[in-house]
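# Close look at the chain arrangement
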Amino acid sequence: MDLLFTSLVDYGLFLAKTLTLLLGIVVLLVLVFRLRQGSDQSERLEVTDLGERHRNLASSLKEFSLSRKEYKVFLKAERRREKEREKERADSRKRLFVIDFKGDIRASEVGALRMLVTALLLEAREGDEVLVRLDNAGGMVSEHGLAASQLARIRSKGIPLTVAVDKVAASGGYLMACVADRIIAAPFAVLGSIGVLAELPNFHRLLDRYGVDFELHTAGAHKRTLTLFGENTDEGRAKLCEQLEETHRLFKTFVAEYRPDLDLDQVATGEYWHGQRAVELGLVDSIQTSDDFLLDASQGRDLLQLKYRAAKKPIERLLSAIQSTLDRAFVTWRG
């Protein structure tokens, strides 16, 4: 029996080592792949004509579904329409600028967003609009507050701003979304979570069990409220809760500034809602996917997608890839 138990333990250890090694290899390969993808890291602004992309897709489908004669007629008509579009561009054809923002805990794309907004404000003319396709479940307060302030720059210049939420705009994500003149969302998009949280483990009892002392010295009564390794006090917990309530008040004040008709007592509870219910509560203006919005807008505007590529050193790309991987793992673990 002891021999069987020992064998099982040995097998379990071997299996754990093997899985750890495989996980390490997978992480390494992912990092190498991401670094190779970003090998060209010169700073630049990329502009993609989404309208042309849509037309190319439609042309491919027509080539397959139409007869050769019908397809030639279509191409002739399309060339005529393209000449008309070129003439309209010369006459200052209206434009819709499209920006994608995929959030993480640190809102790490905020640096690129700042550059895009600055470039856009320098170029924008009367009649232009902006669409931000937002996918953001929230995270750190200051980072998401800065991201929201970048969108506020667009609105403050009188440029119509629409935020489209196809998946999620919660907590810090909704802090960004609420700045828009109009918010649209897919039917099952998640919105809301107007609340603030703080969480951390405490290892004091574990250290105390093994006779490990931990000292923390501060200047200022509330320099540190709660700590990972020291013994936390009721006074420290109360102060942290006070700080959280203050941050929540700031959050609600910011939302109320841009969406004054919201019943904050009803929606600023930390809860989230899906598309249609979010419309009923006033968190969203209408149900519509970003795809349909772009399709409608393409009838009278040029659709220009903007991306900013920042210059990064190899070590910065490596550290950024590691941090991004850890953040995604953390979010997945939290559920």
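Everything quoted here is computed from the prediction, not taken from an experiment.

### Some words on helix α4 (residues 110–123)
For α4, spanning 14 residues, the distance from its first C-alpha to its last is 20 Å, which sits close to the expected 20 Å at 1.5 Å a residue. Contact partners of the buried residues in α4: β1 (44–49), β2 (95–102), β3 (129–136), α5 (141–156), α6 (172–177) and β9 (302–309).

### Here we look at the packing of aromatic side chains
Counted according to the given criterion, the structure contains three aromatic pairs. Aromatic pair Phe214 and Phe229: ring centres 5.5 Å apart, planes at 50°, arrangement tilted. Of this pair, Phe214 sits in the loop between α7 (204–209) and α8 (234–258) while Phe229 is found in the loop between α7 and α8, placing the two residues 15 residues apart along the sequence. We classify Phe214 as partly exposed; its relative accessible area is 36%. A relative accessible area of 34% means that Phe229 is categorised as partly exposed.

### Considerations on empty space enclosed by the protein
In total, this model carries one cavity of 30 Å³ or more according to the counting rule given. Lining of the largest cavity is provided by eleven residues; of these, Gly51, Arg55, Arg93, Arg301 and Asp302 occupy positions nearest its centre. Among the elements of the structure, α2 (50–65), α3 (68–90) and β9 are those that each provide at least two residues to the lining of the largest cavity. The element contributing the most residues to the lining of the largest cavity is α2, with three residues. Its residues assigned to classes, the lining of the largest cavity comprises one nonpolar, two polar and eight charged.

### Considerations on a negative patch on the surface
Among the surface-exposed residues, Asp208, Asp213, Glu215 and Glu231 lie close enough to one another that they form a single negatively charged patch. Counting through the fold element by element, Glu215 comes out in the loop between α7 and α8.

### What to know about the environment of Tyr258
Mapped onto the secondary structure, Tyr258 falls in helix α8. With 83 residues separating them along the chain, Tyr258 and Leu175 place their C-alpha atoms 10.0 Å apart. When near neighbours in sequence (up to four residues on either side) are disregarded, Tyr258 contacts Ala152, Arg155, Cys178 and Val179.

Rules used throughout
- One numbering rule holds for all chains: residues counted from 1, following each sequence as written.
- Residues qualify for local features only when their pLDDT is at least 70, as the model is predicted, and side-chain atom pairs are given and counted only at 80 or more; totals for whole chains, interfaces and linings, by contrast, use all residues.
- With hydrogens and water set aside, each side-chain value is computed from the structure's full complement of heavy atoms.
- Strands are runs of DSSP state E lasting at least 2 residues, helices are runs of H or I lasting at least 4, and numbering of each runs from the N terminus.
- Multiplying 1.5 Å by the residue count of a helix minus one yields the expected span of that helix.
- Any two residues whose heavy atoms approach within 4.5 Å are treated as being in contact.
- For this analysis, a ring pair means two rings from Phe, Tyr or Trp (six-membered ring only for Trp) whose centres lie within 6.5 Å, classed as stacked if their planes differ by under 30 degrees, edge-to-face if by over 60, and tilted for the remaining angles.
- Burial status follows relative accessibility: with a 1.4 Å probe on protein chains alone, a residue under 20% of its type maximum counts as buried, one over 50% as exposed, and anything between as partly exposed.
- Buriedness for pockets is judged along seven lines, at least five of which must meet protein on both sides within 12 Å for an open set on the 1 Å grid over protein atoms alone, while cavities are sets there where a 1.4 Å probe fits but cannot get out, and lining residues have an atom within 4 Å of a point.
- Grid points are joined across faces, edges and corners, and a volume is the space filled by probe spheres set on the points.
- Just so you know the grouping, Ala, Val, Leu, Ile, Met, Phe, Trp, Tyr, Cys and Pro go in nonpolar, Asp, Glu, Lys and Arg go in charged, and all remaining residues, Gly too, go in polar.
- For patches, a residue must show more than 30% relative accessible area and have no salt bridge; joins then use 9 Å for like charges and 5 Å for nonpolar side chains, namely Val, Leu, Ile, Met, Phe, Trp and Tyr.
- Accessible surface area values rest on a Shrake-Rupley calculation with a 1.4 Å probe, where residue burial reflects the displayed protein chains alone.
- Think of a salt bridge as a Lys or Arg side-chain nitrogen and an Asp or Glu carboxyl oxygen that are within 4 Å of each other.
- Positive charges come from Lys and Arg, negative ones from Asp and Glu, while His and the chain ends are left out of the count.
- Taken as the charge location is NZ of Lys, CZ of Arg, CG of Asp or CD of Glu.

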